[in-house]
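# Topology and contacts: notes
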Amino acid sequence: MPEIDKNANLPHFQRKIISEYLEQNDEFYNWIKDIFKITSIELNNEDYKIFEEIKLNIANINNFPLELSMLERLFLDRNRANSEKCIEYLIFRYKLRVFPRKKIASSFPAYLLIEPVSACNLRCVMCFQIDKSFTKKPYMGVMSLELFKKIIDEAVAGGTRAITMASRGEPTLNRDLPKMLEYTKDKFFEVKINTNGTRLTEELCHTILGTGVTELVFSIDAEHKDLYERIRVRGKFDTVIKNIKMFNEIRQASYPDSDIVTTASGVFFHEEQDIEKYTNFFTKIVDQVAAVAMENRWDTYANELHPEETAPCEYLWQRMYVWFDGKCNPCDVDYKSYLKVGDVNKRSIKDIWNGELYKKLRNDHYNKKRNNHSPCDRCGVY
């Protein structure tokens, strides 16, 4: 298997979508400016303040305050006929992208990552699933459909606009995943699934496409069999490629109007990986390609301390993770929940998000005291 140098000066976490940003044209941005001239719209106080801030930004610099990604642009293009929906979407994206930079916590998490299962069928060499102290109780388990529905109901009521079905494990291992996806239908702007693609079936493809999932991410790190199977131990390259092509065939034949975007996402850390070859290979079978620098998460708790790193982590103002058993965590770099902020079996999502544990963590990060917390003191994610 590929060797990982634990002492290497690994890059800070970054995610780059190849060709993510489309050419922005005046007509499109002029349309956005025009829809913000709307005189009457029902919004809560927080969202209305953002609405007014965006309007002011447009008035002062004659431009929208965000460079829009391909996914954002596609959503807006599809919904041009519904100005109010587009405004609500842009307010959501503002919370997701601008609030974390400004260190503003919204009243409720705009984005939740929900873990259908913590286990995985692979043992990727750069993943914490190779930590044998993690792959046993109490860390291993499957989320019940009942708990999932409770989380979704709270999320919808509170104003969450995006969810990801994944975190520490492989979501397709949960037999209730199709029922979970059915329950999310028409409830969010964005529903994303991260999968290694090994267990994708024809039936699951139909469920994903039929329930309005907006992005399906295939975690795959090489464009040839030998290297892929050395990195993603237990994975079968030919099976994954076959499954991706099966998904494409079903989409084309039965769901030609589907809005879903497929992504090949690779973790790059090994000298044999070639991003150009990787991109050229996967752009033929997916809609977009992502290159991800390896985080220091694979062996989080044994990482070297970095007392000189004091920049606050934006995750704390952007998202919340909900594990299979209801425990809530600010990130999955901390895969053993040292930073646990609550439990949805005992408290509401809103109470946890606005609770004292979360506030202290945010305040310490903001005041350059992230080193008061483990594993923040040895983490490269900002």
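Quick notes on the rules
- Residues numbered from 1 in each chain as written.
- Predicted model: local features only at pLDDT ≥ 70, side-chain atom pairs only at ≥ 80, totals over all residues.
- Heavy atoms only, no water.
- Helix = DSSP H or I, 4+ residues; strand = E, 2+ residues; numbered from the N terminus.
- Rg over C-alpha atoms; globule rule 2.2 N^0.38 Å.
- Buried < 20%, exposed > 50% of the residue type's maximum accessible area, 1.4 Å probe, protein only.
- Contact = heavy atoms within 4.5 Å.
- Areas by Shrake-Rupley, 256 points an atom, 1.4 Å probe, with all protein chains shown as cover.
- Phe/Tyr/Trp six-rings, centres within 6.5 Å; stacked < 30°, edge-to-face > 60°.
- Lys NZ or Arg CZ within 6 Å of the ring centre and 35° of its normal.
- Salt bridge = Lys/Arg side-chain N within 4 Å of Asp/Glu carboxyl O.
- Polar contact = N/O pair within 3.5 Å; in protein donor to acceptor, adjacent residues only side chain to side chain.
- Core = buried A, V, L, I, M, F, W, Y, C linked by side-chain atoms within 4.5 Å.
- Arc of directions from axis to C-beta.
- Axes fitted to C-alpha atoms, helices over the stretch in contact; angles between N-to-C directions.
- Parallel < 35°, antiparallel > 145°, perpendicular 65-115°, else oblique.
- Left-handed = near helix turned anticlockwise from the far one by under 90°.
- Nonpolar A, V, L, I, M, F, W, Y, C, P; charged D, E, K, R; others polar.

So, about the overall build of the chain. The helix and strand tally for the chain stands at 14 helices and 12 strands. Against the compact-globule benchmark of 21 Å for 382 residues, the chain has a radius of gyration of 21 Å, which places it among compact chains. The principal-axis extent of the C-alpha atoms belonging to the chain is close to 60 × 55 × 40 Å. Counting every position in the chain, which comprises 382 residues, the buried fraction comes to 55%. Considering only intrachain contacts with a sequence separation of at least 6, the fraction spanning at least 24 residues in the chain is 74%. Within the structure as shown, the chain displays about 17,700 Å² of accessible surface, and the carbon and sulfur contribution to it stands at 47%.

The full count for this structure, using the stated rule, is 23 aromatic pairs. Between the aromatic rings of Tyr-94 and Phe-99, the centroid separation amounts to 6.2 Å while the plane-to-plane angle is 75°, which identifies the pairing as edge-to-face. Side by side, Tyr-94 and Phe-99 carry an identical accessibility label, which is buried. Through a chain of ring-to-ring contacts, three or more aromatic side chains come together here, namely Phe-128, Phe-134, Tyr-139, Tyr-301, Tyr-335 and Tyr-338. Sitting over the ring of Trp-31, Arg-80 keeps its end group 4.7 Å from the ring centre. Taking NZ or CZ as reference, Arg-362 lies 4.2 Å from the ring centre of Tyr-358, over its face.

Note that side chains of opposite charge can pair when their charged atoms are close. Taken as a whole, this structure holds 25 salt bridges when the rule is applied. For the salt bridge of Arg-80 with Asp-77, the shortest nitrogen-to-oxygen distance reads 3.5 Å. A relative accessible area of 34% means that Asp-77 is categorised as partly exposed. Of the charged contacts in the structure, one is a salt bridge between Asp-377 and Arg-378, with a shortest N-O distance of 2.9 Å. The pair Asp-377 / Arg-378 is uniform in exposure class, with both members buried. Each of Glu-27, Arg-73, Asp-77 and Arg-80 takes part in a single network of salt bridges with overlapping partners.

Let's shift gears to the environment of Val-289. Position of Val-289 among the secondary structure elements: in strand E9 (residues 288-293). Sequence separation between Val-289 and Gly-266 is 23 residues; the distance between their C-alpha atoms is 8.1 Å.

A word on the environment of Arg-97. Its place among the elements puts Arg-97 in helix H4 (residues 83-97). Arg-97 sits 64 residues away from Lys-33 along the chain, and the two C-alpha atoms are 19 Å apart. Side-chain polar atoms of Arg-97 contact the side chain of Glu-72, separated by 2.7 Å.

For the rest of this paragraph, the subject is the side chain of Thr-164. By secondary structure assignment, the location of Thr-164 is in strand E4 (residues 162-165). Excluding anything up to four places from it in sequence, Thr-164 contacts Tyr-111, Leu-112, Leu-113, Ile-114, Lys-192 and Asn-194.

The next point concerns the nonpolar core. Ranked by size, the top nonpolar core spans 68 residues in total, and within it Leu-112, Met-143, Ile-151, Met-165, Ile-208, Ile-220 and Phe-282 carry the most contacts. Here the element with the most residues in this core is helix H10 (residues 237-254); it accounts for seven residues. Beyond its immediate chain neighbours, meaning those up to four positions away, Met-165 contacts Ile-114, Pro-116, Phe-148, Pro-171, Leu-177, Met-180, Leu-181, Val-191, Lys-192, Ile-193 and Asn-194. Counting 39 residues, the second-largest nonpolar core is a separate cluster that includes Ile-54, Leu-76, Ile-87 and Tyr-94.

Another point: helix H14 (residues 356-366). Listed in full, the buried residues belonging to H14 are Tyr-358, Leu-361, Arg-362, Asp-364 and His-365. Buried residues of H14, seen end-on, are gathered within an arc of 165° and therefore sit on one face of the element. Along H14, the residues that are exposed and aim more than 90 degrees away from the buried face are Glu-356 and Tyr-366. The secondary structure elements touched by the buried residues of H14 are helix H12 (315-318), strand E10 (320-322), strand E11 (327-329) and helix H13 (349-353). Following H14 by one or two positions, Lys-368 has its phi on the positive side, about 60°.

With that settled, consider the packing of helix H3 (residues 70-78) against H4. Two elements in contact, H3 and H4, have axes separated by 10 Å at closest approach and are oriented at 165°. Here H3 lies roughly antiparallel to H4, going by the angle between them. Between H3 and H4 the crossing geometry is right-handed. Residues Leu-71, Glu-72, Phe-75 and Leu-76 of H3 touch H4, and the partners they reach there are Lys-85, Cys-86, Tyr-89, Leu-90, Arg-93 and Arg-97. For the contact of H3 with H4, the class distribution of residues is six nonpolar, no polar and four charged.

Take helix H8 (residues 202-210) next. All buried positions along H8 are accounted for by Leu-204, Cys-205, Thr-207, Ile-208 and Leu-209. Summarising the contacts, the buried residues of H8 are in contact with helix H7 (177-184), strand E5 (190-195), strand E6 (215-219) and H10. Downstream of H8 by one or two residues, Gly-212 has phi in the positive range, about 85°.

Another aspect to go through is the packing of H8 against H10. Contact pair H8 / H10: the axes reach a minimum separation of 10 Å and the direction vectors enclose 50°. Taken as axis vectors, H8 and H10 run oblique relative to one another. In this structure, H8 meets H10 at a crossing whose hand is right-handed. Here H8 contributes Glu-202, Cys-205, His-206, Ile-208 and Leu-209 to the contact with H10, which in turn contributes Met-246, Phe-247, Ile-250, Arg-251 and Ser-254. Across the contact of H8 with H10, the residue classes break down as six nonpolar, two polar and two charged.

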